[in-house]
Each structure stands twice: as structure tokens, then as C-alpha cells.
Amino acid sequence: APGGTASRPFAPAAPSPGYALPGPLGPLGRPAGDPPPPADRAAATPAGHETAAPGHGPLDPVVRLAAQRLLVADEVAAAKRLTGAPADDPARDRAVLAAGAGEARALGADPAAASRLLGDQIAAATLVERALLAGWAADPGRAPAVAPPLTTLRATLDDLDSRLVAAWNDAADHRAAPGCGAALAAEVTSMAPELGLDELHSTALARALASVCR
Ligand SMILES: C=C(O[C@@H]1C=C(C(=O)O)C=C[C@H]1O)C(=O)O
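Cut-offs used in this document
- Residues numbered from 1 in each chain as written.
- Predicted model: local features only at pLDDT ≥ 70, side-chain atom pairs only at ≥ 80, totals over all residues.
- Heavy atoms only, no water.
- Helix = DSSP H or I, 4+ residues; strand = E, 2+ residues; numbered from the N terminus.
- Buried < 20%, exposed > 50% of the residue type's maximum accessible area, 1.4 Å probe, protein only.
- Contact = heavy atoms within 4.5 Å.
- Areas by Shrake-Rupley, 256 points an atom, 1.4 Å probe, with all protein chains shown as cover.
- Near = heavy atom within 4 Å.
- Polar contact = N/O pair within 3.5 Å; in protein donor to acceptor, adjacent residues only side chain to side chain.
- Disulfide = S-S within 2.5 Å.
- Salt bridge = Lys/Arg side-chain N within 4 Å of Asp/Glu carboxyl O.

Asker: I would appreciate a short explanation of the overall build of the protein chain in the present structure.
Answerer: Secondary structure assignment for the protein chain yields seven helices and zero strands. Helices and strands in the protein chain line up, N terminus first, as α-α-α-α-α-α-α. Burial status across the protein chain gives 45% buried among its 214 residues. Long-range pairs, those at least 24 residues apart, make up 83% of the contacts in the protein chain with a sequence separation of at least 6. Of the roughly 9700 Å² that the protein chain leaves accessible, carbon and sulfur atoms contribute 61%.

Asker: Mind showing me how you'd approach the site of the ligand here?
Answerer: As a matter of local geometry, the ligand sits amid 15 residues, with Arg69, Lys80, Asp93, Glu129 and Arg154 nearest to it. Within the contact set of the ligand, an oxygen atom lies 2.6 Å away from a side-chain nitrogen or oxygen of aspartate 93. Between the ligand and glutamate 129 there is a distance of 2.7 Å, counted from an oxygen atom to a side-chain nitrogen or oxygen. Notes on the ligand: free accessible area 350 Å², of which the protein chains cover 100%.

Asker: What am I meant to see in the state of the cysteines here?
Answerer: Where two cysteines share a covalent bond between their sulfur atoms, that bond is called a disulfide. Inspection of the entire model under this criterion finds one disulfide. Residue cysteine 180 pairs covalently with cysteine 213 via a disulfide, S to S 1.9 Å. Between cysteine 180 and cysteine 213, the S-S dihedral sits near -80°, and the bridge is therefore left-handed. With cysteine 180 in helix H6 (residues 180–195) and cysteine 213 in the segment after helix H7 (199–208), this residue pair connects regions lying 33 residues apart in the sequence. With a relative accessible area of 2%, cysteine 180 lands in the buried category.

Asker: So what exactly am I meant to see when it comes to the pattern of salt bridges here?
Answerer: Under the defined criterion, the tally for this structure stands at 10 salt bridges. Linking glutamate 129 and lysine 80 is a salt bridge whose minimum nitrogen-to-oxygen distance equals 2.9 Å. Highlighted residues: glutamate 129 in helix H3 (residues 111–138) and lysine 80 in helix H1 (residues 60–83), separated in sequence by 49 residues. Like lysine 80, glutamate 129 is buried. Between aspartate 159 and arginine 163 there is a salt bridge, with the nearest N and O atoms lying 3.3 Å from each other. Remark: arginine 163 and aspartate 159 occur in helix H4 (residues 150–170); sequence separation between them is four residues, near one turn of the helix.

See the structure below:
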């Protein structure tokens with residue numbers, strides 16, 4: 001995995017070789033047949049005003065938005081499978097990093113740190129995309145037959161990114177606190193069952209959060 005997660009306190013313990021691939025995807029990238037997501041899972045909230053769900057701590061919005069981004073990556077992979085586009089798109093990467101830096105600047109936050117945060121989201125998303133695309137190539141019967149257009153999915157990612165940078169900035173004090181790593185680990189542990197994250201997505205979520213604590 002790019003960057004590695006082994007030294008992080010919230011990295012999943014001893015990932016097995018290879019990732020468990022989910023089955024055919026439902027509308028939100030969930031295996032078909034799974035129960036529908038909680039109604040509030042993808043609820044839109046205004047940028048910059050994420051609030052922690054009951055029972056969750058101040059890093060909850062950061063972890064939740066990073067996880068939601070990874071669920072969109074399932075649909076990105078499906079769209080790319082249908083068009084033959086590769087997982088990696090360096091031009092789009094640059095646009096995402098520049099947008100994140102711009103959002104941070106507008107908030108008076110460190111643009112370079114925001115770019116690291118977004119770079120980690122990209123690394124995590126491509127981890128998911130590559131694993132899904134490889135699984136579907138090996139077993140085409142499991143590949144999704146439909147996906148939203150990539151432009152639509154990128155607009156969703158843009159929205160999540162601006163909310164993520166705002167939530168990350170709101171949590172600046174908590175990100176600098178000594179207990180940050182443990183708090184982040186606790187959020188990941190509670191988020192995985194809540195959002196139905198499998199091993200691949202839990203591993204990717206840990207990768208996405210690599211630079212959050214400072
Ligand atoms: C999500 C995509 O796939 C990859 C991941 C990206 C991201 O996480 O923002 C951006 C470009 C690609 O390298 C995409 O192409 O939009």
C-alpha cells in the first residue's frame with residue numbers, strides 16, 4: 001500500500017494478503033443485498049459546519065467525510081471500468097490538490113498541509129479503485145454494469161473535499177493534541193461498522209487519515 005500504514009495506531013491489525021473484494025455494487029457501492037445505508041449517511045450539510053454525530057468525538061466529521069469519499073471511489077472505479085479509463089489521473093490529482101490548497105488559504109489554514117490531506121485522500125481512493133478494477137478484471141461477472149458519469153462523481157468529490165478541508169481546519173486543536181492518534185483510531189473503529197466498510201475500505205480509510213494528527 002502506498003505510504004504504508006503499519007506505524008499508525010489506527011491501522012487495521014495484520015491485513016491479510018490481498019483485499020477481500022466486495023460483491024456486485026449497489027447504488028452507493030454497497031454489495032447488492034446489503035441493507036440500505038442509514039438515511040443520514042450521505043446527508044448533505046453546509047460546508048464548514050460538520051457536527052459530530054451523538055457518541056462521536058471532535059474528529060468524527062473528518063473521518064466520516066474521508067470514509068464517504070472512499071465510498072464514492074467505488075463508483076469512480078465502476079465508471080472507469082465502463083470507459084476503460086485508468087485508476088490514476090495525474091491531471092485530476094493536480095486539480096484536487098490545488099483546490100484543497102485554495103480552500104485552506106481561504107480559511108487561513110496551511111495550504112501545504114491541506115494538500116497533504118488531499119494527497120492522502122487520492123492515495124486512498126486509488127487504492128480502492130485499483131483493487132476493485134483488478135477484482136473485476138479477474139471476475140468480470142462481478143463487475144458493475146452501470147455507473148454514474150465520472151463528471152458527476154467528481155462534482156460529489158469536490159463537495160466532499162471542501163467539507164473535509166473545513167472539518168479538518170475546525171479540528172486543528174484536536175489534531176495537535178497528544179491523544180489525536182488514539183482518538184482517530186477510535187473514530188475509525190466505530191465508523192467501519194456504522195458505514196459498512198469492508199477490509200479494503202478500512203485499510204484505505206487508515207491511509208486517508210495518515211497526515212491528520214500533527
Ligand atoms: C477519483 C478519481 O481517481 C483517482 C483519484 C482521485 C481523487 O481521489 O480525487 C483523483 C484522480 C485519480 O487519480 C478520479 O479520477 O476522479
